[in-house]
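So you can see what is in the structure, the chains are spelled out below.
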Amino acid sequence: MTQYIELTILHDNFVASSKILEAVYSKLHTKFSSLRTDDNTQPVGVSFPRYDISRGLGDKIRLFASDDILISLNLATALEELEKYVHISDVLPVPAKVSHGHYRRVQVQSNMERVARRKAKRAGISIEDAMDYLRSFEETHTSLPFVYMGSKSTSQSFKLFVYCERVKDKAVGAFSTYGLSASSTVPIF
């Protein structure tokens, strides 16, 4: 990860910053999906420099990659309809002295009926059988920062919870179509 682009959400009196972040992140997800390989990964990692577990993801998103991948995203065009709500930096070199961390997705099991429907679909069983299978199910909740996302395949919205963990060593790898990874690191500065 030798280069980065920083996106800054511009505050607006009429549109909540969280709504702007949601729209920007949805467009990034679409761009990342276009880079997806056969193993459902892509080469661009994401960080949230103002991530705060109690206050949210913040108003900045950094995209990290090597070579000319960031230029190929053509973010000015992708985010054109949001141009008055987001500032896009030039492609910049990653500073020499940085720490490293994982930004990963956390999925919580908070709705037994949804979990049962998913289990039934994946296992090819009835919803009733799935409910029986999950009878000891315990709902979990989290207070992690999140962004609302909309699924284009199911038309349902969900919270994409993000956990940041600082680590000692850099780990090179690929990222999900959300720019997140439990194993690959991004620079933190």
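The coordinates are above.
A grouping of Arg 105, Arg 114, Arg 117, Arg 118, Lys 121 and Arg 122 is seen on the molecular surface, where their side chains present a positively charged patch. The residue Arg 114 is located in helix H4 (residues 112-123) in this model. Owing to a relative accessible area of 37%, Arg 114 belongs among the partly exposed residues under this scheme.

Another aspect to go through is the environment of Lys 19. Its place among the elements puts Lys 19 in helix H1 (residues 17-34). Taking relative accessible area as the criterion, Lys 19 reaches 48% and is therefore assigned partly exposed. Separated by 13 residues in the primary sequence, Lys 19 and Phe 32 have C-alpha atoms spaced 20 Å apart.

Let us look at the sheet that holds strand S8 (residues 157-167). If you trace the four strands from one edge of the open sheet to the other, you get S7-S8-S6-S9, paired in antiparallel fashion. Whereas interior strands pair on both sides, the edge strands pair on one side only; in this sheet they are strand S7 (146-150) and strand S9 (186-188). Going across the sheet, the axis of each strand differs from the next one's by a mean of 40 degrees, ignoring polarity. In the sheet, S7 pairs with S8 via five bridges, with the strands oriented antiparallel. By the bridge assignment, Val 147 is partnered in S8 with Leu 160. The strands that H1 touches are S7 and S8; relative to S7, the one it contacts most, it runs at about 60 degrees.

Glancing now at the side chain of Lys 60. Here Lys 60 shows up in strand S3 (residues 60-65). Within the structure, the side chain of Lys 60 is placed 3.4 Å from the side chain of Glu 6, a separation counted as a polar contact. Sequence-distant contacts of Lys 60, that is, excluding residues within four places in its chain, are made with Glu 6, Leu 7, Thr 8, Ser 47, Phe 48, Pro 49 and Arg 50.

Criteria and thresholds
Residues numbered from 1 in each chain as written. Predicted model: local features only at pLDDT ≥ 70, side-chain atom pairs only at ≥ 80, totals over all residues. Heavy atoms only, no water. Patch = residues over 30% accessible without salt bridge, like charges linked within 9 Å, V, L, I, M, F, W, Y side chains within 5 Å. Areas by Shrake-Rupley, 256 points an atom, 1.4 Å probe, with all protein chains shown as cover. Salt bridge = Lys/Arg side-chain N within 4 Å of Asp/Glu carboxyl O. Lys, Arg positive; Asp, Glu negative; His and termini not counted. Charge placed at Lys NZ, Arg CZ, Asp CG, Glu CD. Helix = DSSP H or I, 4+ residues; strand = E, 2+ residues; numbered from the N terminus. Buried < 20%, exposed > 50% of the residue type's maximum accessible area, 1.4 Å probe, protein only. Pairing = 2+ DSSP bridges. Axes fitted to C-alpha atoms, helices over the stretch in contact; angles between N-to-C directions. Contact = heavy atoms within 4.5 Å. Polar contact = N/O pair within 3.5 Å; in protein donor to acceptor, adjacent residues only side chain to side chain.

These figures come from the coordinates and say nothing about function on their own.
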